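# Reading the structure
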Amino acid sequence: MKIDLKQLTGSRTASISFSDKLDLREETLYGARPFQSPVQISGTVTNDSGVLRMTGTAKAIYSTVCARCLKPLEILLTAEVDTILSDDPEAEEEDDLFVLTGDSVDPADVMVPALLLQVQMTYLCREDCKGLCPHCGADRNGMDCGCGQKQIDPRFAALRALLDSEKDEGN
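A short tour of the structure in this document, coming up. Just so you know, these numbers come straight off a predicted model, no measurement behind them.

## Thoughts on the environment of Ser86
Within the secondary structure, Ser86 sits in strand 5 (residues 72-86). For Ser86, a relative accessible area of 13% gives the class buried. For the pair Ser86 and Phe98, spaced 12 residues apart in sequence, the C-alpha separation works out to 6.1 Å. If sequence neighbours within four positions are ignored, Ser86 has contacts with Ala91, Leu97, Phe98, Val99 and Leu100.

## Topic: the pattern of salt bridges
Summed over all chains, the structure comprises 4 salt bridges. Arg33 is paired through a salt bridge with Glu26; the nearest N and O atoms lie 3.7 Å apart. A relative accessible area of 62% means that Glu26 is categorised as exposed. For the salt bridge of Arg126 with Asp128, the shortest nitrogen-to-oxygen distance reads 2.9 Å. Arg126 sits in the partly exposed class, given a relative accessible area of 38%.

Definitions and cut-offs
Residues numbered from 1 in each chain as written. Predicted model: local features only at pLDDT ≥ 70, side-chain atom pairs only at ≥ 80, totals over all residues. Heavy atoms only, no water. Helix = DSSP H or I, 4+ residues; strand = E, 2+ residues; numbered from the N terminus. Buried < 20%, exposed > 50% of the residue type's maximum accessible area, 1.4 Å probe, protein only. Contact = heavy atoms within 4.5 Å. Salt bridge = Lys/Arg side-chain N within 4 Å of Asp/Glu carboxyl O.

Printed below as a string of structure tokens:
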């Protein structure tokens, strides 16, 4: 969807609203395709005394897994955008400035990068997630496998033997 910005140049307070659904199923992040449902964007482009400004919201369901136990998660991502649109090719793109390449703008070009910046590197199913057992792979949130008590780091086996011999001598 493109918005023709020429419609805004006639008035000092004109605005154009937009709303769209975007298909980002092919977008790859961290080796996965996390956007399985459409991304919803909405907002307005306004001419505020000669300054073009885009404001809006992008919302999506981000499908991922818990970084500790690999439980599937669906996270609601929301990005608020308030960006000035500039046709000056010398202007540097900043967080709040989008450089136009013509007389129109595609809101997705502004909204999608803002949404992608909301993605965290890792997500947890809950703050106290115990994760998977490194020995047997059991989910330690649901059961206690007992591997932690049985397994001894081989580098410390000699120390364990020394401690066991001291216990035997003390009895």
